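What follows is the residue order along each chain.
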Number of protein chains: 2
Amino acid sequence: MKESIKVFAPATVANVVCGFDVLGFAVNEPGDEVMMRLTDKHGITISKITGDDGRLPLDPKKNTVSVSVQHYLQSIDRADIGLDIELHKKMPIGSGLGSSSASTVAGLFAIKTLLGDERDPSALLPFAMKGEEMACGHGHADNVAPALLGGFVLIRSYEPLDVVRLPHPPGLWCAIVFPDVDVPTREARQIIRNKILMKDAVTQWGNIAGLVSGLFMQDIDLIGRSMQDVLVEPVRSMLIPDFYEMRKMAMDVGAVSFGISGSGPSVFAFTRDEETAKRITSKLQAHLTSIKIGSNGYVSTINDKGPRVLG
Amino acid sequence: MKESIKVFAPATVANVVCGFDVLGFAVNEPGDEVMMRLTDKHGITISKITGDDGRLPLDPKKNTVSVSVQHYLQSIDRADIGLDIELHKKMPIGSGLGSSSASTVAGLFAIKTLLGDERDPSALLPFAMKGEEMACGHGHADNVAPALLGGFVLIRSYEPLDVVRLPHPPGLWCAIVFPDVDVPTREARQIIRNKILMKDAVTQWGNIAGLVSGLFMQDIDLIGRSMQDVLVEPVRSMLIPDFYEMRKMAMDVGAVSFGISGSGPSVFAFTRDEETAKRITSKLQAHLTSIKIGSNGYVSTINDKGPRVLG
């Protein structure tokens, strides 16, 4: 049995514009890394967290990674085990890129691999959702499921949990820009209306049906036409600096679609090639600089494998 | 050039439970027939309608078939032509099975074929929608599009019109029962709430995304799990005698799913084989007889071709 392991898990884009709370996909960059080591002591310790500017708790009872790993260990009657965790954040916290999900999934995949548990990674989903519940107050799966399974994932239902992995066109690229402003997930959720118009809901489910069809048909045009959100984006975009200006810039450069990643403030665009994705991140980041907002930019293909062992 | 033609067009099931206003599919039975003949006179006449109990207008300005054919002829500058139409209704009117759409599509396909217009049948869609506008007060496409194109059809958007043909598992059967009670389309539409809860809408679009995925994946279990409607069915089912009793009967016999066809009162069930579909129609029709309601029952595979020339 291995004594220690290093695991990467990917950032994720939840909602995918027209699939609020039910769709998400994983990217190859950014992502978080967890280093995990079996120890002689009893219980879990977190010896180090980097890249978080001191914002995440080292207390294993309060950190989503250790909490979800603890739930997993209890489920297999191994809560007696000794573990030390190092968490290396490689993406901003509170960015709308599934930062806590990436850490949690990396931790769960690390312990699963260390213990030689050969079940399908989807067996980890309930434990990852426990981590999400702690991080965001909701046991949502639209970040953890794609982080764990890779690719595009539909959460058709929560009770019972029904998760469907969707295909995608091979040549799809993703440009992501995180404008460094504060949009807490809880508040981004609170501003969404509880009641909506039936006619807007019909528009939305026509679009998600179109998006899912486009993913199966490898029809990037249909994917682009379908990625419209008449319900959530009009509200959440207010929390993102110059959202509609950024959209226009991205579409003018040749984006297939543009929208908010999760609850924001990160935005993302699909493109047909790396070059266009790079042009979009540079253009948007230059614009954010011009209005005195810092940013991170990422260009990536879709991550199809979920977490992976680095060493 | 042929002088006369006889065309069949299929009945259709709109909504498909979780796809209110955006999904529909065609069946091979029932369907309507149109006999069309070129004449020496100017303009369109309707010489005969059978199977309608005298409910449909012979006035070509008021009949959806002639009105949509007229729109088509104007679009190709042939409004001068002389035509006689016979319409043979082979399914009940006001049944929620796209009765007017079947007639309209049969008429349009007849004239297109008579005139040797070799465009794709989808070119007829705008004219068929004109007929629907007259029949139901709404230019909906969730019956005419599947009647015209066959198979499952998604209307992703109306403006601009964006229609996507979806695949389906080969072994899918459909049982349809029409309870002979009156549910006018207009009123069935009026009782639907204008405002709904966001959380119900999220459930609904998780389900339509699941249904579309199931159709592409040929996963009949996923199709069945996804066909739940928390928004429209709870209201419209009140207009259908013993709806929930009929559902239970169908599911007990082995239906994959059960729901309202269009705005009702017809109900339908998907099954994995003809035998189960037959058992469902007999059981439901026997129940309706026991509560003194007449009915029609149909068992069919999915119609994949849309209209066809009979002679």
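The rules behind these values
Residues numbered from 1 in each chain as written. Chains lettered and ligands numbered in written order. Predicted model: local features only at pLDDT ≥ 70, side-chain atom pairs only at ≥ 80, totals over all residues. Heavy atoms only, no water. Pairing = 2+ DSSP bridges. Helix = DSSP H or I, 4+ residues; strand = E, 2+ residues; numbered from the N terminus. Right-handed = clockwise from strand over helix to strand, strands pointing away. Phe/Tyr/Trp six-rings, centres within 6.5 Å; stacked < 30°, edge-to-face > 60°. Buried < 20%, exposed > 50% of the residue type's maximum accessible area, 1.4 Å probe, protein only. Lys NZ or Arg CZ within 6 Å of the ring centre and 35° of its normal. Expected span 1.5 Å × (residues − 1). UniProt positions renumbered as here; feature names shortened; annotations may be inferred. Contact = heavy atoms within 4.5 Å. Domains from an automatic or database assignment. Buried area = accessible area lost by both parts, 1.4 Å probe. Salt bridge = Lys/Arg side-chain N within 4 Å of Asp/Glu carboxyl O. Polar contact = N/O pair within 3.5 Å; in protein donor to acceptor, adjacent residues only side chain to side chain. Least-squares fit on C-alpha atoms with pLDDT ≥ 70 in both. Axes fitted to C-alpha atoms, helices over the stretch in contact; angles between N-to-C directions.

*Asks:* It is not clear to me how the pairing of strand β3 (residues 43-50) of chain A should be interpreted in this structure. Could you clarify?
*Replies:* Regular strands have side chains that alternate between both faces of the sheet. Residues and elements named next belong to chain A. Sheet topology note: the β3/strand β4 (residues 82-88) ladder contains seven bridges and is parallel. Bridge pairing in β4 places I49 opposite L87. The handedness of the β3 to β4 crossover, carried by helix α1 (residues 64-75), is left-handed.

*Asks:* What exactly am I supposed to notice about the packing of aromatic side chains here?
*Replies:* Where two aromatic rings form a pair, the distance of their centres and the angle of their planes describe that pair. Residues and elements named next belong to chain A. Counted under the stated rule, the structure contains 17 aromatic pairs over all chains. Geometrically, the ring pair formed by F243 and F258 is tilted, given 5.4 Å between the ring centres and 45° between the ring planes. Of this pair, F243 sits in helix α9 (residues 243-253) while F258 sits in strand β9 (residues 257-260), and the two are 15 residues apart along the sequence. For the pair F243 and F258, a shared accessibility class is recorded, and that class is buried. Taken together, F25, F152, F268 and F270 form an aromatic cluster joined through their ring pairs. A cation over a ring is seen here: R308 above F8, with NZ or CZ 4.5 Å from the ring centre.

*Asks:* Sorry, what's going on with helix α6 (residues 198-217) of chain A here?
*Replies:* It helps to recall that an α-helix has 3.6 residues per turn; residues three or four apart then point in one direction. Residue and element names in this part refer to chain A. Its 20 residues place the ends of α6 28 Å apart at the C-alpha level, agreeing with the 28 Å of an ideal helix rising 1.5 Å per residue. With 17 of 20 residues buried, α6 lies mostly within the body of the structure. Backbone geometry just downstream of α6 places Q218 in the positive-phi region, at approximately 55°.

*Asks:* For this particular structure, what's the right way to read the UniProt feature "binding site: ATP" (unreviewed entry) in chain A?
*Replies:* Residue and element names in this part refer to chain A. Residues annotated by UniProt as "binding site: ATP" (unreviewed entry) correspond here to P92, I93, G94, S95, G96, L97, G98, S99, S100, S101 and A102. In this structure G96 touches T12, S261, G262 and G264, once residues within four positions along its chain are discounted. Its location among the elements puts S100 in helix α2 (residues 99-114). Relative accessible area serves as the criterion here: at 22%, S100 is assigned to the partly exposed category.

*Asks:* How should the domain arrangement of chain A be read in this particular structure?
*Replies:* When the parts come together, some accessible area is lost, and that loss is often what is quoted as the size of the interface. All names here are of chain A. As far as domains go, chain A holds domain 1 (4-167) and domain 2 (173-301). Inter-centroid distance (C-alpha atoms) of domain 1 to domain 2 is 24 Å. Each side of the interface is counted separately: domain 1 has 31 residues, and domain 2 has 37 residues. Summing both sides of the interface, domain 1 and domain 2 together bury roughly 2,700 Å²; the carbon and sulfur share of this comes to 66%. Of all residues in domain 1, the largest losses of buried area upon contact with domain 2 belong to V17, C18 and F20, amounting jointly to 25% of the total for that side. On the surface where domain 1 and domain 2 come into contact, there are zero salt bridges. When contributions to the side of domain 1 that touches domain 2 are tallied by element, the ones reaching two or more residues are β1 (4-14) and β2 (23-39). Looking at the side of domain 1 that touches domain 2, the element that brings in the most residues is β2, giving six residues.

*Asks:* Mind showing me how you'd approach the interface of chain A and chain B here?
*Replies:* Contact residues are listed per partner, giving 36 residues for chain A and 36 residues for chain B. Across the interface of chain A and chain B, roughly 2,900 Å² is buried in total on both sides, 73% from carbon and sulfur atoms. The largest per-residue losses of area from chain A upon contact with chain B belong to R156, M198 and W205 of chain A, which jointly make up 27% of the total buried on that side. At the surface where chain A touches chain B, the tally comes to two salt bridges. Close ionic contact of D162 of chain B with R225 of chain A constitutes a salt bridge, the shortest N to O distance being 2.7 Å. Here chain A and chain B share eleven residue pairs in polar contact (both at pLDDT 80 or more) between them.

*Asks:* Looking at this structure, I do not really get the relation of the copies chain A and chain B. What am I missing?
*Replies:* Note that the two copies of the chain are related through a rotation about an axis and a translation along the same axis. Overlaying chain A with chain B gives an RMSD of 0.0 Å, the required rotation being 180° about an axis along which the chain moves by 0.0 Å. Both copies are brought into coincidence by an operation consistent with a two-fold rotation axis. The share of interface residues of chain A whose copies in chain B are also at the interface is 100%, consistent with both copies meeting through the same surface.

*Asks:* Any chance you could explain the sheet that holds strand β11 (residues 295-301) of chain B here in plain terms?
*Replies:* Within a beta sheet, neighbouring strands are joined by backbone hydrogen bonds and run either parallel or antiparallel to one another. All names here are of chain B. The strand order β9-β10-β7-β11 describes an open sheet built from four strands, whose pairing is antiparallel. The open sheet has two edge strands with one neighbour each: β9 (257-260) and β11. On average, each strand axis in the sheet is inclined to that of its neighbour by 15°, with strand direction left out of account. Two elements, β9 and strand β10 (residues 267-271), share four bridges in a ladder whose sense is antiparallel.

*Asks:* Which parts of the structure should I look at to understand the side chain of T64 of chain A?
*Replies:* Residue and element names in this part refer to chain A. Following the sequence through the fold, T64 ends up in helix α1. Judged by relative accessible area, T64 falls into the buried class, the value being 12%. A distance of 3.4 Å separates the side chain of T64 from the side chain of T104, its partner in a polar contact. In this structure T64 touches S100, T104, G131, M134 and A135, once residues within four positions along its chain are discounted.

*Asks:* Where do I start with the pattern of salt bridges in this structure?
*Replies:* Between side chains of opposite charge, pairing is possible as soon as their charged atoms come close. Counted by the stated rule, this structure contains 24 salt bridges over all chains. Each member of the salt-bridge network shares a partner with another, and the members are R156 and D162 of chain A together with R225 of chain B.

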